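If you want the building blocks of each chain, they are given just below.
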Number of protein chains: 2
Amino acid sequence: MIRIGIAGYGNLGRGVECAVNKAPDMELVGVFTRRNPADLKIADPNAKVFSFDDAKNMTDKIDVMIICGGSATDLPKMTPEMAKYFNVIDSFDTHANIPQHFANVDKSAKESKHTAIISIGWDPGMFSLNRLYANSILPNGKDYTFWGKGVSQGHSDAIRRVEGVLDGKQYTIPIESALERVRSGENPELTAREKHLRECFVVPKEGADLAAIEKAIKTMPNYFADYDTTVHFITEEELKRDHSGIPHGGFVIRTGKTGWNDECSHTIEYSLKLDSNPQFTSSILTAYARAAYKLSQKGDFGCKTIFDIAPADISPMSAEEIRAHML
Amino acid sequence: MIRIGIAGYGNLGRGVECAVNKAPDMELVGVFTRRNPADLKIADPNAKVFSFDDAKNMTDKIDVMIICGGSATDLPKMTPEMAKYFNVIDSFDTHANIPQHFANVDKSAKESKHTAIISIGWDPGMFSLNRLYANSILPNGKDYTFWGKGVSQGHSDAIRRVEGVLDGKQYTIPIESALERVRSGENPELTAREKHLRECFVVPKEGADLAAIEKAIKTMPNYFADYDTTVHFITEEELKRDHSGIPHGGFVIRTGKTGWNDECSHTIEYSLKLDSNPQFTSSILTAYARAAYKLSQKGDFGCKTIFDIAPADISPMSAEEIRAHML
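Definitions and cut-offs
- Residues numbered from 1 in each chain as written.
- Chains lettered and ligands numbered in written order.
- Predicted model: local features only at pLDDT ≥ 70, side-chain atom pairs only at ≥ 80, totals over all residues.
- Heavy atoms only, no water.
- 1 Å grid on protein atoms, 1.4 Å probe; cavity = no way out; pocket = protein on both sides within 12 Å on 5 of 7 lines; lining within 4 Å.
- Points joined across faces, edges and corners; volume = space filled by probe spheres on them.
- Helix = DSSP H or I, 4+ residues; strand = E, 2+ residues; numbered from the N terminus.
- Nonpolar A, V, L, I, M, F, W, Y, C, P; charged D, E, K, R; others polar.
- Buried < 20%, exposed > 50% of the residue type's maximum accessible area, 1.4 Å probe, protein only.
- Contact = heavy atoms within 4.5 Å.
- Least-squares fit on C-alpha atoms with pLDDT ≥ 70 in both.
- Pairing = 2+ DSSP bridges.
- Axes fitted to C-alpha atoms, helices over the stretch in contact; angles between N-to-C directions.
- pLDDT = per-residue confidence, 0-100.
- Salt bridge = Lys/Arg side-chain N within 4 Å of Asp/Glu carboxyl O.
- Lys, Arg positive; Asp, Glu negative; His and termini not counted.
- Polar contact = N/O pair within 3.5 Å; in protein donor to acceptor, adjacent residues only side chain to side chain.
- Phe/Tyr/Trp six-rings, centres within 6.5 Å; stacked < 30°, edge-to-face > 60°.

Caption draft 1: The arrangement of empty space enclosed by the protein in detail. Applying the stated criterion to the full structure yields five cavities of 30 Å³ or more. Lining the largest cavity, in full, are Cys18(A), Ala19(A), Lys22(A), Ser283(A), Ile137(B), Leu138(B), Pro139(B), Asn140(B), Lys257(B), Thr258(B) and Gly259(B). Contributing elements (two or more residues each) for the lining of the largest cavity: helix H1 (11-22) of chain A together with strand S12 (248-258) of chain B. The element that contributes the greatest number of residues to the lining of the largest cavity is H1(A), accounting for three residues. Here the residues of the lining of the largest cavity sort into five nonpolar, four polar and two charged. In terms of lining, the second largest cavity is formed by Leu129(A), Asn130(A), Tyr133(A), Met126(B), Leu129(B), Asn130(B), Tyr133(B) and Tyr270(B). Taken together, the elements giving at least two residues each to the lining of the second largest cavity come down to helix H4 (126-137) of chain A together with helix H4 (126-137) of chain B. Counting residues per element, the lining of the second largest cavity draws most heavily on H4(B), at four residues. Here the residues of the lining of the second largest cavity sort into six nonpolar, two polar and no charged.

Caption draft 2: How the structure looks around unusual backbone geometry. All names here are of chain A. Between Asp123 and the following residue, Pro124, the backbone shows a cis peptide bond with an omega angle of 5°. Looking at the element boundaries, Pro124 is found in the loop between strand S6 (115-117) and H4. Along the chain, Gly148 connects to Lys149 via a cis peptide bond; the corresponding omega equals -5°. Here Lys149 shows up in the loop between strand S7 (141-147) and strand S8 (150-151). A positive phi angle, near 55°, is found at Asn187, a position not held by glycine. Assessed through its relative accessible area of 33%, Asn187 is described here as partly exposed. Although it is not a glycine, Asn222 sits at a positive phi angle of roughly 65°.

Caption draft 3: Just the environment of Ile118(B), in detail. Assignment of secondary structure puts Ile118(B) in the loop between strand S6 (115-117) and H4. In contact with Ile118(B), other than residues within four places in its own chain, are Thr79(B), Asp90(B), Ile98(B), His101(B), Phe102(B), Val105(B), Cys303(B), Lys304(B) and Thr305(B).

Caption draft 4: Region of the structure containing the relation of the copies chain B and chain A. Placing chain B over chain A gives an RMSD of 0.0 Å and needs a rotation angle of 180°, together with 0.0 Å of translation along the axis. Such a combination of rotation and displacement between the chain copies is what one expects of a two-fold axis. Of all interface residues in chain B, 100% are interface residues in chain A too; the two copies therefore contact each other through one and the same surface.

Caption draft 5: Highlighting the sheet that holds strand S13 (residues 264-274) of chain A. Strand order in the open sheet formed by six strands is S7(A)-S12(A)-S13(A)-S13(B)-S12(B)-S7(B), with antiparallel pairing between adjacent strands. At either margin of the open sheet sits one strand with a lone partner, and together these are S7 of chain A together with strand S7 (141-147) of chain B. With direction set aside, neighbouring strand axes in the sheet form an average angle of 10°. Taken together, the seven bridges between S7(A) and strand S12 (residues 248-258) of chain A define a ladder with antiparallel strand orientation. Bridge assignment links Lys142(A) to a residue of S12(A), and that residue is Thr255(A). Running at roughly 5° to S12(A), H4(A) makes contact with S7, S12 and S13 of chain A together with strand S13 (264-274) of chain B of the sheet.

Caption draft 6: Quick peek at the confidence of the model for chain A. Predicted confidence across chain A gives a mean pLDDT of 97, with 100% of residues reaching 70 or more. Predicted complex metrics record ipTM = 0.97 and pTM = 0.96.

Caption draft 7: Seen up close, the pattern of salt bridges. By the definition in use, this model includes 46 salt bridges over all chains. The closest approach of N and O atoms between Arg241(A) and Asp242(A), which form a salt bridge, is 2.9 Å. Taking the shortest distance from any N to any O, the salt bridge between Asp300(B) and Lys304(B) comes out at 2.6 Å. Taking relative accessible area as the criterion, Lys304(B) reaches 12% and is therefore assigned buried. Through salt bridges with shared partners, a single network forms among Glu176(A), Glu180(A), Arg183(A) and Glu269(A).

Caption draft 8: Local environment of the side chain of Glu17(A). Here Glu17(A) is to be found in helix H1. There is no salt bridge for the buried Glu17(A), and the closest opposite charge comes from Arg14(A), which lies 6.8 Å off by N-O distance. Within the structure, the side chain of Glu17(A) is placed 2.5 Å from the side chain of Tyr9(A), a separation counted as a polar contact. Sequence-distant contacts of Glu17(A), defined by excluding residues within four places in its chain, comprise Ile6(A), Tyr9(A), Leu28(A), Ile42(A), Ala43(A), Asp44(A) and Trp260(B).

Caption draft 9: View of the sheet that holds strand S9 (residues 165-174) of chain B. Residues and elements named next belong to chain B. As summarised here, the arrangement of the four strands in space is S8-S9-S10-S11, forming an open sheet in which the pairing is mixed. Here the strands that pair on one side only, and so sit at the sheet edges, are strand S8 (150-151) and strand S11 (228-233). Bridging between S8 and S9 involves two bridges; their strand directions are antiparallel. Across the sheet, Val151 pairs through a bridge with Tyr171, a residue of S9. Against the sheet, helix H8 (residues 210-218) engages S9, strand S10 (196-204) and S11, with an angle of about 150° to S11.

Caption draft 10: Seen up close, the packing of aromatic side chains. Residues and elements named next belong to chain B. Scanning the model with the defined rule gives nine aromatic pairs over all chains in all. Both rings, one in Phe32 and one in Phe50, keep their centres 5.2 Å apart while their planes meet at 25°; by these two values the pair is stacked. One end of the pair, Phe32, is in strand S2 (residues 26-33); the other, Phe50, is in strand S3 (residues 48-51), with 18 residues separating them in the sequence. Residue class for Phe32 comes out buried when judged on its relative accessible area of 0%.

Printed below as a string of structure tokens:
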């Protein structure tokens, strides 16, 4: 059994707890928290809650620490620090800072002879993987990524900062006709507005100027101005009843040509439809925690990304079973 | 530059020739044939044609031999034999015999210190890969594979063996309503008849009994009896004009549940729409030939399948470039 620790117990940590529970070859040792451990109730009756500070005294009890923190401030510190003591994995998703994060984690993991895997999830993650596979197979082609239908946390936060808004949620919606143009092999050049719609559900404060809220949202630079945006005003009860989920998903499509004279067209499409964004991300993290363990057993230390992991290493099956049942 | 040899020059070999020509880091040294080399014209003016027997004298001129033979009789002999002299790759697709083929090729490649990759293509191949990824991420779920719309070589051959048939072609067509039921997360149990239609275009011999042909096809065990099959009689000219392509494709879908009480549903879907089945298979073979070269450079010898290859190894980009541009 691979002994798992979870560092951080938000949506992601709770999802990892569920996924480890379903894995045939893993057991959850404990959840590590910055809060008072006595105050934190977890779902798994067989696991315990520890303080972050306890972790470094438990290096012989945990095979992989799954770090469930935020990319903005948590992971840049937590992952290199935890990699001194454990094999680690995180879902770092600030694209621009990946090279720096990789370098920091790599140094820490190599010095302490651990395996670290960063930026695991679906984007970055499974979407990145599908872009790489499709690009390698069809070098003469064009990539398209569509997101949604799903809740964008960043855009929902932006709505909530608007004057007069009590609460709100934003859905990113891919435009079906654009998807169809891409799938047809037409290779269109698409603007932001042509690819996605933005739909907002807004709870106004009492007496707020609705027209002003709608205008402030629709003209907000970067977030909404470049999109066709719709704004619906609803009550707090409606928001809670109809929009409390965190669904997401999307499409990675590559169209390309082969043949001596580019006479053949091909379309590769990968898509996800997810009831819960953090639950799915957690499931990917848990599968790749298995790879972190296997690589550490082989002595393959340092920082890795999803591109460096052979698919067999995320499966609980043996090489013979995989060849017999999956090929 | 990775120096490539092609063994066999049918549809697959010609496709590899095109793909190697498009690869930024490969050059085609030559095509090896069982025919008289002087009689074989190839497309690439910079490559030469050699006899199969010349191969073993060219071990210092070729980095990877891409073996483009048939799975029934060619590959079981050719791949282990060629692996004595070269890093090799093939598209062996007789599922039941993969363990034996793997063992034979592994022995040969390990003894001679070469890297061999077998069963590369889209099914087995990219479809297998997507089944493995999706199963590892969503262990609590169900797999569905649909093929088509595309030409099935085996079913077309079966039609042509029917009394009174001059020529013919069979298309396998996935049933859209079944796809929709799967995508909805309903987890249906589907019979062969519920998943695919079979559409046949048949050129009868002069004076043949059309009703007898149609009945013979529709009632043929294993091939057609378990499906809703339609038979169209057409002329030789129509067959040539409208049905000379070799399109194919398909869908790999996994639906699964996560959450402590299985409260969240997720759908992962991978699909291909291919103008030319052999051209696309060739493109995958060529990308994985790059991996065979990279693994041999690292001293990672023996037989591998698509599950053993880290995605980064099929890309012409460096690890830094991949992290910067693909993650």
